Amino acid sequence: MISEKIPTSVDKFKAISSDNISVQESDDPGDRIVTLNMGPSHPATHGVLRLVLSIDGEVITEVVPHIGYLHTGMEKLGEYMSYHQFIPITDRMDYLAPMLMNLGYILGVEKLLGITDEIPARAQWLRVLYSELMRISSHLIWLGTSAIDLGAMSPIFYALQDREQIMNIFEETCGARLTSTYFRIGGLREDIPDTVIPMIEKFLKDFAIRLDEYQNLVTGNPILINRLKGIGCLSKETALSYCCSGPVLRASGVNYDVRKARPYSGYEKFKFNIPVYQEGDSYARFLVRMDEMRESATIVRQAIDAIPAGPVKIDRTDIILPDKHRTQGNMEELINHFILSCRGFNAPVGEVFSTIESSKGEFGVYLVSTGGEKPYRLRVHSPSFLNLSVLPAISRGSLIADIVAIIGSLDIVLGEIDR
Amino acid sequence: MGLEHQLGDNILTTSLEWAVNWARSNSVWPMTFGLACCAIEMMPIVSPRYDLARFGSEVYRASPRQADLLIVAGRVSRKMAPFVKQVYEQMMSPKWVISMGACASCGGVFRNYAILQGVDKIIPVDVYVPGCPPNPYALMQGIFEIQKKIKGEKFTDHPYE
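**Student:** Looking at this structure, how should I read the packing of aromatic side chains?
**Tutor:** Within a pair of aromatic rings, the relevant descriptors are the distance that separates the centres and the angle that separates the planes. Per the counting criterion, the structure on display carries 15 aromatic pairs over all chains. Centroid distance Phe86 of chain A to Tyr105 of chain A: 5.1 Å. Interplanar angle 65°. Geometry classified as edge-to-face. One end of the pair, Phe86 of chain A, is in the loop between α2 (74–79) and α3 (87–91); the other, Tyr105 of chain A, is in helix α4 (residues 98–113), and 19 residues separate them in sequence. Residue Tyr105 of chain A is classed as buried on the basis of its relative accessible area, which comes to 1%. With a centroid separation of 4.7 Å and an interplanar angle of 70°, the aromatic rings of Tyr50 of chain B and Tyr137 of chain B are classed as edge-to-face. Of the two residues, Tyr50 of chain B sits in the loop between α3 (37–42) and β2 (69–73) while Tyr137 of chain B sits in helix α6 (residues 136–151), which places them 87 residues apart along the sequence. When its relative accessible area of 45% is taken as the criterion, Tyr137 of chain B is described as partly exposed. Ring pairing ties together the aromatic residues Trp125, Tyr264, Tyr267, Phe270 and Phe272 of chain A, which thus form one cluster. Positioned above the aromatic ring of Tyr267 of chain A is the side chain of Arg259 of chain A, whose terminal nitrogen or guanidinium carbon lies 5.9 Å from the ring centre.

Pasting the structure below:
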């Protein structure tokens, strides 16, 4: 029946017809392309990323990432909130590493206010300590989820078990597990309780054993190596031209880490290595993150061995909120608390851009202030967005199954891309 | 199930109802539908510490056709809203919905042009779990509430669609 409907003028097509399916093969490769939609609700896209794949058989010819399914309007919210009020919003950008997002934002505000050098040593030290714990936690989630994408079910259970220890540490420190808002403009919300240090000690002890377990369980696994090696090769030139950063860039042979290049928050006082691999494939990105967890653990070890004494907040009543017990006994402090909570502080006129090394790459905040309590413009430089933009370039010519491995190795977070 | 229309409430249908509800409440399969921060707190409930498998809900399904429970974990943007609705409609009846976290329940801290101010504007929600994001224990409590709800249901509550 169907064969009757095929026009006789298209003799070059070879028609294969069954009962109700008609497949036409042509010599023109453009006719063989099938468009396949992936996402936004797909377990392997790490959130709500949508990919439109053009496939020729099993081979991908074109990938178009569609973003914006988690657009939250955070940059616009920043223009309507005082500088203090925006800190909790930054938590919800990269929700795998909220404290690093806090840090990136508050360093920008501190630079705008010109108080970067006045931050107490203890606050800076603790910021490094918690940033590195956060980085380990973020990489653990990446390890578990990307292993699931490759078909390995068990690593996520180990990874989540380790992550729970870090979450316990955060909960003990500031009461929140994930969206902590612990770093504040001018220091920290409060000093760490004494009970936290033994918890971190225990975590480091357990984690050292765990890292070796991951080495045996995951890194050396022949299936994993076959799935990742030579997949999604990103050359040094492409990585630089797409402005990639973080582990993606370091896996392509560029030794660039903001912690070393432009140290912030006292990173210059710590000894650590930057893992760099030359291959640029998914396996190199995998190895960079595995090594980074080890390096972060050494930074945490150095940090807890010598925490300097002193205050954790800058001594500027016009910027930081006063302690709660002081507001309850002192009228002036109460008025100050009221003004800072309702209106915020006045920032000087200026433009600043400050970056940190988040777990995904170079995270930056660009602030334009025309004076007053709110920024005129707040722009976020998102590492995940730039790392995702390289996806079409590196996944062309690979198989459908490989794109899952490539997305996993890029370690994107849609909350930060869409903001 | 069809029987209740012919037989009415009698010992056969009510006992069958009890047995079916018991089976349904102890095999609630959630759908893998992580949207934002809450998804990160949704993942640990299957981890060794929380271990939802004790209550029969550990099997996360990637396809809505195989899932009974939609956990809307995170903020729903206006661009994502049609897809949330579509996923809900693709699920087989009987189905239940948990709105996890402040953003899914009411928009949370994001009161602006981009975020849907509550997922209940587009799909019916059975249980709201407060928190930003809720502790995994809180989400487990939400699943227990769903189980409690299932145990009190009648066949006629879920007509064939």
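**Student:** When you look at the confidence of the model for chain B in this model, what are you seeing that I'm missing?
**Tutor:** Detail in the predicted coordinates should be disregarded across regions flagged by low pLDDT. Chain-level statistics for chain B give a pLDDT mean of 86 and a share of 94% at 70 or above. We note a pTM of 0.88 for the whole complex and an ipTM of 0.86 for its interfaces.

**Student:** Looking at this model, I keep getting lost on the pairing of strand β4 (residues 50–56) of chain A. Mind explaining?
**Tutor:** Looking along a regular strand, one sees the side chains alternate between the two faces of the sheet. Residue and element names in this part refer to chain A. The buried fraction of β4 amounts to five of the seven residues, a majority that puts the element mostly inside the structure. The pairing of strand β3 (residues 34–38) with β4 spans five bridges and is antiparallel. What sits directly across from Asn37, in β4, is Val52. When β4 meets strand β5 (residues 59–66), the two strands line up antiparallel, connected through seven bridges. Within the sheet, the bridge partner assigned to Ser54 lies in β5 and is Glu62. Taking the residues that link successive antiparallel strands as the turn, the β4-β5 hairpin has two residues, and the phi of Gly57 there is positive, at about 70°.

**Student:** What's the story with the sheet that holds strand β3 (residues 96–100) of chain B in this structure? I'm lost.
**Tutor:** Within a beta sheet, neighbouring strands are joined by backbone hydrogen bonds and run either parallel or antiparallel to one another. Residue and element names in this part refer to chain B. Taken together, the four strands give an open sheet; going across it, the order is β1-β2-β3-β4, and neighbouring strands pair in parallel fashion. Only two strands of the sheet have a single partner each, and these edge strands are β1 (30–31) and β4 (127–129). Across the sheet, α6 lies against β2, β3 and β4, angled at about 155° from β3, the strand it touches most.

**Student:** Honestly, the interface of chain A and chain B in this entry has me stumped. Any pointers?
**Tutor:** Interface size is often expressed as the accessible area that is lost when the parts come together. With 33 residues of chain A at the contact, the number on the chain B side is 33 residues. Carbon and sulfur atoms make up 66% of the surface buried where chain A meets chain B, a total of about 2800 Å² over both sides. Inspection of the region where chain A meets chain B yields three salt bridges. In this structure, Arg49 of chain B and Glu164 of chain A form a salt bridge, with 2.5 Å as the shortest nitrogen-oxygen distance. For the side of chain A that touches chain B, the elements supplying multiple residues, two or more each, are α2, α5 (121–149) and α6 (155–174) of chain A. Residue contributions to the side of chain A that touches chain B peak at eight residues, all from α6 of chain A. Counted by class, the side of chain A that touches chain B contains 16 nonpolar, 11 polar and six charged residues.

**Student:** Even after reading the chapter, I still don't get the side chain of Thr72 of chain A, so can you show me in this structure?
**Tutor:** With respect to the secondary-structure elements, Thr72 of chain A resides in the loop between β5 and α2. Within the structure, the side chain of Thr72 of chain A is placed 2.9 Å from the side chain of Arg75 of chain B, a separation counted as a polar contact. With residues up to four places along the chain from it excluded, the contact list for Thr72 of chain A reads Asp418 and Arg419 of chain A together with Arg75, Phe110, Asn112, Ala114 and Ile115 of chain B.

**Student:** Is there a simple way to think about the environment of Val48 of chain A in this case?
**Tutor:** One can find Val48 of chain A in the loop between β3 and β4. The class for Val48 of chain A is buried, based on a relative accessible area of 1%. Sequence-wise, Val48 of chain A and Leu414 of chain A are 366 residues apart; in three dimensions their C-alpha atoms are separated by 6.7 Å. Not counting residues up to four positions away in its chain, the partners in contact with Val48 of chain A are Pro40, Tyr69, Leu70 and Leu414 of chain A together with Gly34, Leu35 and Met80 of chain B.

**Student:** Where do I start with the nonpolar core in this structure?
**Tutor:** If you look at soluble globular proteins, the nonpolar side chains tend to sit buried side by side. Tyr130 and Ile403 of chain A together with Leu70 of chain B are the most contacted members of the largest nonpolar core, which has 149 residues in total. Counting residues per element, this core draws most heavily on α5 of chain A, at 13 residues. Apart from residues lying up to four places away in sequence, Tyr130 of chain A is in contact with Met99, Ile169, Phe170, Thr173, Tyr182, Phe183, Ile192 and Val196 of chain A. Counting 20 residues, the second largest nonpolar core, distinct from the first, contains Ala39, Met100, Val129 and Ile146 of chain B.

Rules used throughout
- Sequence order as written defines residue numbering, which begins from 1 separately in each chain.
- All chains are assigned letters beginning at A, and all ligands numbers beginning at 1, according to the order in which they are written.
- Selection of residues for local features in this predicted model requires a pLDDT of at least 70, selection of side-chain atom pairs for listing and counting requires 80 or more, and totals for whole chains, interfaces and linings are taken over all residues.
- Here the side-chain values reflect all heavy atoms present in the structure, with hydrogen atoms and water set aside.
- For this analysis, a ring pair means two rings from Phe, Tyr or Trp (six-membered ring only for Trp) whose centres lie within 6.5 Å, classed as stacked if their planes differ by under 30 degrees, edge-to-face if by over 60, and tilted for the remaining angles.
- Strands here mean DSSP runs of E at least two residues long; helices mean DSSP runs of H or I at least four residues long; both are numbered from the N terminus.
- Buried, partly exposed and exposed residues are distinguished by accessible area as a fraction of the type maximum, computed with a 1.4 Å probe on protein chains only: under 20%, between the cut-offs, and over 50%, respectively.
- Ring-over charges, as used throughout, are those where CZ of Arg or NZ of Lys falls within 6 Å of the ring centre and within 35 degrees of the ring normal.
- As a per-residue quantity, pLDDT reports the predictor's confidence and falls between 0 and 100.
- Here a strand pair is declared whenever DSSP counts at least two bridges between the two strands.
- Contacts are assigned to residue pairs that have any heavy atoms within 4.5 Å of one another.
- Helix axes use the C-alpha atoms of the stretch in contact, all axes being lines fitted to C-alpha atoms, and the angles between their N-to-C directions lie in the range 0 to 180 degrees.
- Each of two parts loses accessible area, computed with a 1.4 Å probe, when they are put together; buried area is these two losses added.
- Put simply, a salt bridge is a Lys or Arg side-chain nitrogen that is within 4 Å of an Asp or Glu carboxyl oxygen.
- Residues are grouped as follows: Ala, Val, Leu, Ile, Met, Phe, Trp, Tyr, Cys and Pro are nonpolar; Asp, Glu, Lys and Arg are charged; every other residue, Gly included, is polar.
- We define a polar contact as two N or O atoms separated by no more than 3.5 Å, with the added condition that, inside protein, one atom must be a possible hydrogen donor and the other a possible acceptor, whereas residues neighbouring each other in sequence contribute only through side-chain atom pairs.
- For the purposes of this section, nonpolar cores are sets of buried Ala, Val, Leu, Ile, Met, Phe, Trp, Tyr and Cys residues that join through side-chain atoms within 4.5 Å.

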